Amino acid sequence: DTDDSAPCKGCEGQRSNHFAGIDIGINGLLNEKNSVDLQEDANFMDLTYRKSISISLNPWEWYLPIAKEKFGISSGLGFEFNNYTLSRDFTIFSDQDTTVGIVDNTKDIEKNKFKSTFINVPIFLETNLGKDAEHSFHIAIGGQVSYRLGSKTKQIFDQNDKRYKVRNRNDHNMNDFRFNAVARVGYGDFTLFAAYSLTPMFDKDDGPEI
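Residues numbered from 1 in each chain as written. Predicted model: local features only at pLDDT ≥ 70, side-chain atom pairs only at ≥ 80, totals over all residues. Heavy atoms only, no water.

Thoughts on a nonpolar patch on the surface
Part 1 of the argument: Taken together, the side chains of Val 121, Val 145, Tyr 147, Leu 149, Phe 177, Phe 179, Tyr 196 and Leu 198 make up a nonpolar region of the molecular surface, amounting to roughly 750 Å² of accessible area.
Part 2 of the argument: Those elements that provide at least two residues to the nonpolar patch are strand 7 (137-159) and strand 9 (177-187).
Part 3 of the argument: Along the chain, Tyr 196 turns up in strand 10 (residues 190-197). (Patch = residues over 30% accessible without salt bridge, like charges linked within 9 Å, V, L, I, M, F, W, Y side chains within 5 Å. Areas by Shrake-Rupley, 256 points an atom, 1.4 Å probe, with all protein chains shown as cover. Salt bridge = Lys/Arg side-chain N within 4 Å of Asp/Glu carboxyl O. Helix = DSSP H or I, 4+ residues; strand = E, 2+ residues; numbered from the N terminus.)

See below:
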């Protein structure tokens, strides 16, 4: 039996959701030459990678079958929370014209983070091969458009024998929209993914090219 309200008639039991769920990843940054060496104008964004985690909550997925569960177009909606743990003792300063890193030798910085939140809408071409969802091999390739919901910095530091915890909510001259190339591959309920931003993190006139 099939459910007439299902987005893919005849796919029940043969295809599971591959985007809906929770994504956990590691953030990385590249310069304009696609090198991890961010150069002098951007080195305030050098990262401690093992602490620079991305978590996405993807509550909704939609699938348009072209060849039932074997091949189709998938999309959905997700919320992405990025944490960039900075490895250098810079304080990020932003105004309407620039975003830079400033060294304050009076601070003994314990934690130094840059955070951003996005809403994501992907669109993928997807293949799904297998006799049932639990034993299916799947590949999805496509793009993702994102809108920035917010960004902030967070520092914990000692200064003049006092301890401070400072949060600064600001757009930091980040681009509001981001376009990613995305690939996802997996088996059953488990999926590996990679995303590469085609859009610089900061406005090209007001921040470093990352």
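Considerations on the nonpolar core
Part 1 of the argument: Residues Leu 29, Met 45, Phe 114, Met 201, Phe 202 and Ile 210 are the most contacted members of the largest nonpolar core, which totals 16 residues.
Part 2 of the argument: Setting aside residues no more than four positions away along its own chain, Met 45 makes contact with Leu 29, Leu 38, Leu 86, Ile 92, Phe 114, Met 201, Phe 202 and Ile 210. (Core = buried A, V, L, I, M, F, W, Y, C linked by side-chain atoms within 4.5 Å. Buried < 20%, exposed > 50% of the residue type's maximum accessible area, 1.4 Å probe, protein only. Contact = heavy atoms within 4.5 Å.)

Focus: the confidence of the model for the protein chain
Reading predicted coordinates in detail is not appropriate for stretches of low pLDDT.
Part 1 of the argument: The share of residues in the protein chain with pLDDT of 70 or more is 93%, and the mean pLDDT across the chain is 90.
Part 2 of the argument: Ignoring residues within four places in sequence, the model shows residues 1-6, a span with pLDDT below 50, making five contacts including any to other chains. (pLDDT = per-residue confidence, 0-100.)

A look at the pattern of salt bridges
Part 1 of the argument: In total, this model carries seven salt bridges according to the counting rule given.
Part 2 of the argument: The salt bridge partner of Lys 70 is Glu 69, with a shortest N-O separation of 3.3 Å.
Part 3 of the argument: Taken together, the shared-partner salt bridges in this structure form one network comprising Glu 110, Asp 158 and Arg 163.

A word on a negative patch on the surface
Part 1 of the argument: On the surface, a cluster of negative charge is contributed by Glu 32, Glu 40, Asp 41 and Glu 209.
Part 2 of the argument: Position of Glu 40 among the secondary structure elements: in the loop between strand 1 (21-26) and strand 2 (53-67). (Lys, Arg positive; Asp, Glu negative; His and termini not counted. Charge placed at Lys NZ, Arg CZ, Asp CG, Glu CD.)

Quick word on the packing of aromatic side chains
To describe a pair of aromatic rings, one takes the distance between the centres and the angle between the planes.
Part 1 of the argument: Enumeration over the complete set of coordinates arrives at five aromatic pairs.
Part 2 of the argument: Between the aromatic rings of Tyr 84 and Phe 114, the centroid separation amounts to 6.2 Å while the plane-to-plane angle is 55°, which identifies the pairing as tilted. Separated by 30 residues along the polypeptide, Tyr 84 in strand 3 (residues 71-85) and Phe 114 in strand 6 (residues 108-129) bring together distant segments of the chain.
Part 3 of the argument: When its relative accessible area of 7% is taken as the criterion, Tyr 84 is described as buried.
Part 4 of the argument: Assessed through its relative accessible area of 0%, Phe 114 is described here as buried.
Part 5 of the argument: Site record: aromatic cluster; members linked through ring pairs are Tyr 84, Phe 114 and Phe 202.
Part 6 of the argument: Between the NZ or CZ atom of Lys 107 and the centre of the ring of Phe 157, over which it lies, the distance is 4.5 Å.
Part 7 of the argument: Across the ring face of Phe 118, the terminal group of Arg 178 is positioned such that the distance to the ring centre comes to 4.2 Å. (Phe/Tyr/Trp six-rings, centres within 6.5 Å; stacked < 30°, edge-to-face > 60°. Lys NZ or Arg CZ within 6 Å of the ring centre and 35° of its normal.)

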